[in-house]
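Observations on chain architecture
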Amino acid sequence: MSSPGLSLLTLNIGNPSPDRARRQLAWLVRREEDVLVLTETKASAGCRLLAEEFTAAGYAVHYPRPGPGEYGTMIVSTVPAAPDGGFGDRVGYLPSRAAAVILPAPAGALRVIGLYVPARDASAGKTERKRKWLAACDTALAAAVTEMPAIVLGDLNVLEPDHWPRYPFFAPFEYDFYRALAEAQRLTDVFRYLHPDEAEYSWFGRIGDGYRYDHAFCSQSLSGYITSCDYLHQPREDMLSDHSALTMRLAIIPPAPLPPA
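Residues numbered from 1 in each chain as written. Predicted model: local features only at pLDDT ≥ 70, side-chain atom pairs only at ≥ 80, totals over all residues. Heavy atoms only, no water.

**Quick look at the packing of aromatic side chains**
As enumerated under the stated definition, the model contains 15 aromatic pairs in all. Between the aromatic rings of Tyr201 and Phe204, the centroid separation amounts to 5.8 Å while the plane-to-plane angle is 75 degrees, which identifies the pairing as edge-to-face. On the accessibility criterion, Tyr201 (16% relative accessible area) is buried. Judged by relative accessible area, Phe204 falls into the partly exposed class, the value being 30%. Connected via pairs of aromatic rings, a cluster forms that spans Tyr167, Phe169, Phe170, Tyr175, Trp203, Tyr211 and Tyr213. The side chain of Lys132 reaches across the aromatic face of Tyr93, ending 4.3 Å from its centre. (Phe/Tyr/Trp six-rings, centres within 6.5 Å; stacked < 30°, edge-to-face > 60°. Buried < 20%, exposed > 50% of the residue type's maximum accessible area, 1.4 Å probe, protein only. Lys NZ or Arg CZ within 6 Å of the ring centre and 35° of its normal.)

Structure below.
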């Protein structure tokens, strides 16, 4: 039996085929989290299958459809969650990569923001795309986190500045985005709050080099309610995804569950 409170999980689902989407669905519906933030979605058959099956089962689903060839984020909830469609519009650039919902929690509304930050290689085009998106997202977050308490989850494709190992190919603007979350936006890295010195990774390269790409942050006003935050490696080990999941829990009363379909 899990401890009480509001629980959330994020997983990069890797734009699955319909077959892999069914296997992901089987794992996800057994989870106890109230809110699921699923990143690396596309307007594909596998992602549509997940959205349709969750909807048919009575979940609240917010799935901003990515444009042709683009990626996005889906938020799935067992509790009432009003789509905050304006958040992607605030980002403006590649808007489907940012999704948000508002939870009517008994102690006050909460905004849950899911992000899938663009990856990049050494090319000038992809580097500029990531730089532009991070700047747009930073501006959108600066406004959103002042309006109500927020929880931000997803595959951020950035590392904390003191990440170990240290990789030389990350640029200062990528570390600056992480710093802005903690400093300008006054958000707490939920995993680091509980595990200040633990080396954990959510994605591994071909030679076994680890990266903590998947993150959860919350407003500092919520930090005192953090009770757990852990990486779940089963999805990666079972080849449901090439990422591990991240789960977190706050000791606050969640909204009443939605009735089953």
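Having seen the model, we can carry on.
**Notes on the sheet that holds strand β5 (residues 82–83)**
Taken together, six strands build an open sheet; the order of strands is β5-β6-β7-β8-β12-β9 and the sheet is mixed. The open sheet is flanked by β5 and β9 (187–189), the only strands paired with a single partner. Pairing between strand β8 (residues 150–155) and strand β12 (residues 214–219): five bridges, direction antiparallel. Within β12, the position partnered with Leu153 by the bridge is Ala216. Packing of helix α4 (residues 124–147) onto the sheet brings it into contact with β6 (98–103), β7 (110–116), β8 and β9, and relative to β7 it is tilted by some 170 degrees. (Pairing = 2+ DSSP bridges. Helix = DSSP H or I, 4+ residues; strand = E, 2+ residues; numbered from the N terminus. Contact = heavy atoms within 4.5 Å. Axes fitted to C-alpha atoms, helices over the stretch in contact; angles between N-to-C directions.)

**Considerations on helix α2 (residues 45–56)**
Think of an α-helix as turning once every 3.6 residues; residues three or four places apart then point the same way. With twelve residues, α2 ought to run about 16 Å at 1.5 Å a step, and its terminal C-alpha atoms sit 16 Å apart, in line with that. Considered for burial, the residues of α2 that qualify are Gly46, Cys47, Leu49, Leu50, Ala51 and Phe54. Summarising the contacts, the buried residues of α2 are in contact with α1 (18–28), β2 (35–41), β3 (60–62) and β4 (72–77). (Expected span 1.5 Å × (residues − 1).)

**What about the nonpolar core?**
Judged by nonpolar contacts, the single largest core of 28 residues is most densely connected at Leu8, Leu103, Val112, Ile151, Leu153 and Met248. Leave out the neighbours within four places in its chain, and Ile151 touches Leu6, Leu8, Arg111, Val112, Ile113, Phe217, Cys218, Leu222, Met248 and Leu250. By size, the runner-up hydrophobic cluster in this structure holds 27 residues, among which are Phe87, Val91, Val152 and Leu187. (Core = buried A, V, L, I, M, F, W, Y, C linked by side-chain atoms within 4.5 Å.)

**Comments concerning the pattern of salt bridges**
Under the criterion given, the structure shown has 14 salt bridges. Of the charged contacts, one joins Glu70 and Arg97 as a salt bridge, the two residues approaching to 3.2 Å between their closest N and O atoms. Note that Glu70 is positioned in the loop between β3 and β4 and Arg97 in the loop between α3 (86–91) and β6, a separation of 27 residues in sequence. Residue Arg97 is classed as buried on the basis of its relative accessible area of 2%. Among the salt bridges present, the one from Arg111 reaches Glu147, with a minimum N-O distance of 3.1 Å. Taken as a pair, Arg111 in strand β7 and Glu147 in helix α4 lie far apart in primary sequence, 36 residues in all. Arg111 sits in the buried class, given a relative accessible area of 4%. Residue class for Glu147 comes out partly exposed when judged on its relative accessible area of 42%. What emerges from the salt-bridge pattern is a single network uniting Asp84, Arg90, Arg111 and Glu147. (Salt bridge = Lys/Arg side-chain N within 4 Å of Asp/Glu carboxyl O.)

**Overview of the side chain of His163**
Examined against the element boundaries, His163 turns out to sit in the loop between β8 and α5 (172–182). For His163, the side chain forms a polar contact with the main-chain oxygen of Pro165, separated by 2.9 Å. Here His163 is in contact with Tyr201, Gly210, Tyr211 and Arg212, once residues within four sequence places are set aside. (Polar contact = N/O pair within 3.5 Å; in protein donor to acceptor, adjacent residues only side chain to side chain.)

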